[in-house]
Amino acid sequence: MPTLYQLKPAFQGRLRPLVNRLAAAGVTANQITLAAALLSVALGLLLFFRPEPKLFLLLPPFLLFRMALNAVDGMLAREHGQASKLGIYLNELGDLVSDAALALPFAALAPFGPWGVLFFIFAALLAEVAGILGAPAGIGRNYAGPLGKSDRAFAIAALGAWVGLGLPLTPTWAGWIFPALAALALLTLVNRIRAGL
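One numbering rule holds for all chains: residues counted from 1, following each sequence as written. For a predicted model such as this one, the threshold for reporting local features is a pLDDT of at least 70, and the threshold for listing and counting side-chain atom pairs is 80 or more; totals across whole chains, interfaces and linings nevertheless cover every residue. With hydrogens and water excluded, all non-hydrogen atoms of the structure serve as input to the side-chain values.

Below, the discussion takes up the pattern of salt bridges. Here, a salt bridge means any Lys or Arg side-chain nitrogen found within 4 Å of an Asp or Glu carboxyl oxygen. Applying the stated criterion to the full structure yields 10 salt bridges. Asp95 is the salt-bridge partner of Lys149, the closest N and O atoms lying 2.6 Å from each other. Of the two residues, Lys149 sits in helix 7 (residues 149-164) while Asp95 sits in helix 4 (residues 85-103), which places them 54 residues apart along the sequence. Of the charged contacts, one joins Glu128 and Arg152 as a salt bridge, the two residues approaching to 3.1 Å between their closest N and O atoms. With Glu128 in helix 5 (residues 114-132) and Arg152 in helix 7, the pair connects residues that are 24 residues apart, well separated along the chain. Accessibility classification places Glu128 together with Arg152 in one group, the buried group. Connected through salt bridges with shared partners, the residues Arg66, Glu92, Asp95, Asp99, Glu128, Arg141, Lys149, Arg152 and Arg192 form a single ionic network. Helix and strand assignments come from DSSP, with helices taken as H or I runs of at least 4 residues and strands as E runs of at least 2, each series counted from the N terminus. Buried residues are those whose accessible area, probed at 1.4 Å on protein chains only, stays under 20% of the maximum for their type, while exposed residues exceed 50% and partly exposed ones sit between those limits.

In this section: helix 9 (residues 177-196). The terminal C-alpha atoms of helix 9, which comprises 20 residues, lie 29 Å apart, in line with the 28 Å expected from a rise of 1.5 Å per residue. Among the residues making up helix 9, those that are buried are Ile177, Phe178, Leu181, Ala182, Ala185, Thr188, Leu189, Asn191 and Arg192. An expected span of 1.5 Å times one less than the residue number is assigned to each helix.

Put into C-alpha cells, the structure is as follows:
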C-alpha cells in the first residue's frame, strides 16, 4: 500500500548538500540519531506535563525537522562510510522511543483520552517491529503501509496543528481518532508480516 515514505528519495536529494557539509565538519550519523531522539523525548515530556493547546503548534515544524534528521543520519551512514552495528540499534530504538514520546502528550488532552492514544502507540510499535523483522525474514527492512513512520508523523503533526489552532474537538468524533489510527497501524502490521511470509 502506498505511503509517504515513497517521497523520501526526493527529500534526501534536497538534503544532500547539507549532509556533505556535516560530514566534512566531522558530524557523525550516531550523533544526529541521538540528537533526534533526545529532542523528541524532550518535546514529548514538555507537552505531556504542560498540555497547553498553543504549545502543540510546536509539533508540525518539529516533526518536519525530525524527518530531516532521520534522513540525514541515514545518508551520513550510507554515503559517508559511517554505517555501524551500534548505529542500527540507535536508529531503530531511537525511532520507537521518539514516536511514542511525541504521541503520548495527546493522552493528556480530554477529547482524546489515554486509552486510545496508548493503544495507538502500542499498535505503532508492533508495526515498526514487524518492519524491522523483515531483515531476518529475508526481505529487508519493510516500510509497507498504510500507516508507516512518515504517515504517522503526518497524522501527529496535523493533530498538533488542529489542537494548537484551537479548532473544535468534540468527544463524539475526537475520541475515535486514535483508535482509527491504531486500526491502520494494525493493518500495517498485518501487511508487513504478510510481506515477510
